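# Observations on the model geometry
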Amino acid sequence: MSAALSAVPPVQPSSPVAIAATLAQDFSLTAAEHDKSGEFAAGNFEALFKSGLLGLVTAEKDGGWGEGMETAHAVIAAIAQGDPSTALILAMHYSVHAAVRRGKWPAALAAKVLAANSREPALLNNAQAEPGIGSPAHGGLPETTARIEGEFWVVNGRKSFVTGLPGLKWAIVLAVTTEDVPRLIQLLVPIDAPGIHREKAWEATGMYATASDDLVLEEVKVPLADLVAEQPADEPLRRDEADGYNFFVLLASVYHGVALSARDALLRHLTGHVPASLGAPLSSIPRIQEGLGQIEVLLAANRRLLLSVARDIDAGEKVGTDALAVRHVVIDNAVAVTDLALELGGNRGLRRDYNLERHHRDAITARAHAPQSHMIRTILGRQIIKSVSG
């Protein structure tokens with residue numbers, strides 16, 4: 001990753017974005033290997049912890065940086081330029097910690113995760129999707145159950161697509177209780193608890209090093225007090241509006257970083273390769289220059305959109321469905337950038353050692369995140385119809 005091509009603006013060396021950019025250069029050296037093996041990049045998170053970036057969105061009073069979404073989204077995009085799988089896991093960690101910071105968690109549980117995050121790489125993520133029902137965004141109750149026995153919840157079930165599973169300290173598990181009047185609950189479950197095991201299931205085209213495998217729970221005991229959230233089971237899963245804003249911006253920032261990497265890799269190739277028949281770099285060809293210009297248009301739109309929404313979030317403004325719309329546009333643009341990069345890169349662009357095909361695979365994997373683009377368009381369509389029909 002060339003400093004001259006970086007999307008990160010000039011900043012002081014001590015800034016979190018500059019630290020992220022430096023780490024990303026190191027992460028980029030092993031990203032291709034992790035992509036091949038699917039191995040969780042534990043060393044990357046050790047480095048993130050030592051840098052202090054795991055506490056980026058944690059309040060200063062709790063030992064963190066106290067940064068908002070403007071900085072967080074820039075850090076995620078910078079890390080994604082080096083290793084997007086690492087960036088996606090980090091984005092989900094930030095999303096949960098942003099909710100903790102806003103006081104959305106019980107005080108005792110918040111104190112537990114904050115203390116751990118300050119002494120070790122204590123990653124955490126939600127575990128909601130399942131093989132039978134997919135994402136809760138599609139509706140339906142989870143098949144994972146929780147029954148009360150004495151002072152414990154006893155949990156049984158299987159969760160799919162648990163991003164970063166090998167490196168998590170906790171998973172926030174969605175389950176339905178077996179009570180006479182069932183509740184939908186979210187429990188803070190330690191990954192090393194007896195009865196938990198990981199099953200290798202993540203065989204996706206891209207983002208392979210996220211190791212988003214299945215979490216299997218068999219008679220796992222969780223203290224009754226470790227309840228993050230609860231609601232009646234006959235209501236749709238409640239989503240905090242601000243949590244959604246944060247998540248959509250952070251998620252889109254990952255794939256913006258992927259697109260930036262594709263642009264940088266392509267530019268190195270086009271300015272460095274001089275075919276004998278041409279006698280000049282490929283970048284001297286007008287058609288190539290026009291294609292690069294199209295990529296810059298898409299990247300500029302993404303950069304401006306993400307920055308605008310992040311600043312609105314930090315200002316406490318209601319973002320509404322704009323966060324969904326921006327997530328849709330940014331991801332579509334990122335896919336388009338990597339597709340153009342493959343086209344402009346020609347035969348060499350398909351080589352693994354040029355990384356363009358890896359960036360493309362990573363970008364198209366974004367389309368699997370719920371709610372998918374067709375769902376976002378449906379939500380926005382229904383919203384505008386409702387606004388004119390009263």
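Residues numbered from 1 in each chain as written. Predicted model: local features only at pLDDT ≥ 70, side-chain atom pairs only at ≥ 80, totals over all residues. Heavy atoms only, no water.

## A look at the packing of aromatic side chains
- Counted by the stated rule, this structure contains three aromatic pairs.
- Taken together, a centroid distance of 6.2 Å and an interplanar angle of 80° make the contact between F161 and W202 edge-to-face. Within this pair, whereas F161 is found in strand β3 (residues 152-162), its partner W202 is found in the loop between β6 (196-199) and β7 (213-223), the two being separated by 41 residues in sequence.
- On the accessibility criterion, F161 (53% relative accessible area) is exposed.
- Overall, W202 belongs to the buried group, its relative accessible area being 12%.
- Where F247 meets F248, the ring centres are 6.1 Å apart and the plane angle is 55°; that geometry is what we call tilted.
- For F248, a relative accessible area of 15% puts it in the buried group. (Phe/Tyr/Trp six-rings, centres within 6.5 Å; stacked < 30°, edge-to-face > 60°. Helix = DSSP H or I, 4+ residues; strand = E, 2+ residues; numbered from the N terminus. Buried < 20%, exposed > 50% of the residue type's maximum accessible area, 1.4 Å probe, protein only.)

## As for the UniProt feature "domain: Acyl-CoA dehydrogenase C-terminal" (unreviewed entry) in the chain
- The UniProt feature table records "domain: Acyl-CoA dehydrogenase C-terminal" (unreviewed entry) at residues 251-370.
- A helix fraction of 74% and a strand fraction of 0% characterise residues 251-370, whose end C-alpha atoms lie 11 Å from each other. (UniProt positions renumbered as here; feature names shortened; annotations may be inferred.)

## A word on the environment of T86
- Mapped onto the secondary structure, T86 falls in helix α4 (residues 84-101).
- The exposure class of T86 is buried, given its relative accessible area of 2%.
- Sequence-wise, T86 and G157 are 71 residues apart; in three dimensions their C-alpha atoms are separated by 27 Å.
- Those residues within four positions of T86 in sequence are excluded, and the remaining contacts are F27, A41, N44, F45, L48 and I79. (Contact = heavy atoms within 4.5 Å.)

## Focus: the pattern of salt bridges
- On inspection of all chains with the given rule, the structure shows 24 salt bridges.
- Put simply, D35 and R361 hold a salt bridge, and the shortest N to O gap is 2.8 Å. Of this pair, D35 sits in helix α1 (residues 16-37) while R361 sits in helix α9 (residues 356-365), and the two are 326 residues apart along the sequence.
- Judged by relative accessible area, R361 falls into the buried class, the value being 15%.
- Across the pair R311 and E70 runs a salt bridge, and its minimum N-O distance is 3.3 Å. One end of the pair, R311, is in helix α7 (residues 286-314); the other, E70, is in helix α3 (residues 69-82), with 241 residues separating them in the sequence.
- Overlapping salt bridges bring together D35, R352, E357 and R361 as one network. (Salt bridge = Lys/Arg side-chain N within 4 Å of Asp/Glu carboxyl O.)

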